[in-house]
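# Fold and contact review
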Amino acid sequence: MSYKYESYDNLEELKKVDPKLADELVWYAWSEDWKNEDFLVFPNEVEFAKYELEDGAYEELGLEVVQGTKYEGAVNPFNYIDYKRLADDLIKNGDRSLYYASNEGKIVRTSYGF
């Protein structure tokens, strides 16, 4: 399993690539401190959910997803996950200071908090 994302060191770096998303984040945030922290931008909810399973919240809880696992004839259980539904619930029930769902469907994740 793998996922797509872009990593930015700070808000100014994002502004150069996606000024509209940068403006949304400034509007969304209730603090100024995050602007100099790094964050991840996922192109959609599915990529965000894959990240959370592989390297995010679920890894922190002890789930270990090993790249290239051979299932010895068994089906890959990750092929049966509804990533869209998982992402919707993660965003709805998660810490809103750590995630932002943009108007264009991108998901921004920070470990610092907005």
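The structure contained in this document is the topic of the report that follows.

The rules behind these values
Residues numbered from 1 in each chain as written. Predicted model: local features only at pLDDT ≥ 70, side-chain atom pairs only at ≥ 80, totals over all residues. Heavy atoms only, no water. Salt bridge = Lys/Arg side-chain N within 4 Å of Asp/Glu carboxyl O. Helix = DSSP H or I, 4+ residues; strand = E, 2+ residues; numbered from the N terminus. Buried < 20%, exposed > 50% of the residue type's maximum accessible area, 1.4 Å probe, protein only. Phe/Tyr/Trp six-rings, centres within 6.5 Å; stacked < 30°, edge-to-face > 60°. Lys NZ or Arg CZ within 6 Å of the ring centre and 35° of its normal. Axes fitted to C-alpha atoms, helices over the stretch in contact; angles between N-to-C directions. Parallel < 35°, antiparallel > 145°, perpendicular 65-115°, else oblique. Contact = heavy atoms within 4.5 Å. Core = buried A, V, L, I, M, F, W, Y, C linked by side-chain atoms within 4.5 Å.

### Here we look at the pattern of salt bridges
Pairing between side chains of opposite charge can happen when the charged atoms of each approach one another. Here the structure, examined in full by the defined rule, presents seven salt bridges. The partner of Asp-18 in a salt bridge is Lys-106, with the nearest N and O atoms 2.5 Å apart. Within this pair, whereas Asp-18 is found in the loop between α1 (11-17) and α2 (19-28), its partner Lys-106 is found in the loop between β3 (99-101) and β4 (107-109), the two being separated by 88 residues in sequence. Judged by its relative accessible area of 11%, Asp-18 falls in the buried class. Salt bridges sharing partners connect three or more residues here, namely Glu-45, Lys-84 and Asp-88.

### Some remarks on the packing of aromatic side chains
Any pair of aromatic rings gets described here by the distance separating the centres and the angle formed by the planes. A complete count under the given rule lists twelve aromatic pairs for this structure. Ring geometry for Phe-42 and Phe-48: centres 5.7 Å apart, planes at 65°, overall edge-to-face. Phe-48 shares its class with Phe-42; the two are buried. Among the aromatic side chains, those forming a connected cluster through ring pairs are Tyr-3, Tyr-5, Phe-42, Phe-48, Tyr-51 and Tyr-99. Its end group placed over the ring of Tyr-83, Lys-50 keeps NZ or CZ at 5.6 Å from the ring centre.

### Digging into the packing of helix α3 (residues 45-54) against helix α5 (residues 83-93)
Where α3 meets α5, the axes come as close as 8 Å, and the angle between the chain directions of the two elements is 75°. The orientation of α3 with respect to α5, classified from their angle, is roughly perpendicular. Within the contact between the two elements, α3 uses Glu-45, Val-46, Phe-48, Ala-49, Lys-50, Glu-52 and Leu-53 and α5 uses Tyr-83, Lys-84, Leu-86, Ala-87, Asp-88, Leu-90 and Ile-91.

### Looking at the nonpolar core
Ranked by internal contacts, the top residues of the largest apolar core, which has 15 residues, are Phe-42 and Phe-48. Elements that contribute at least two residues to this core include exactly β2 (39-42), α3 and α5. Once residues within four sequence positions are removed from consideration, Phe-42 is found in contact with Tyr-3, Lys-4, Tyr-5, Glu-47, Phe-48, Tyr-51, Lys-106, Ile-107 and Arg-109. Core analysis: the second largest hydrophobic core is formed by 14 residues, Ala-22, Tyr-28, Trp-34 and Phe-114 among them.

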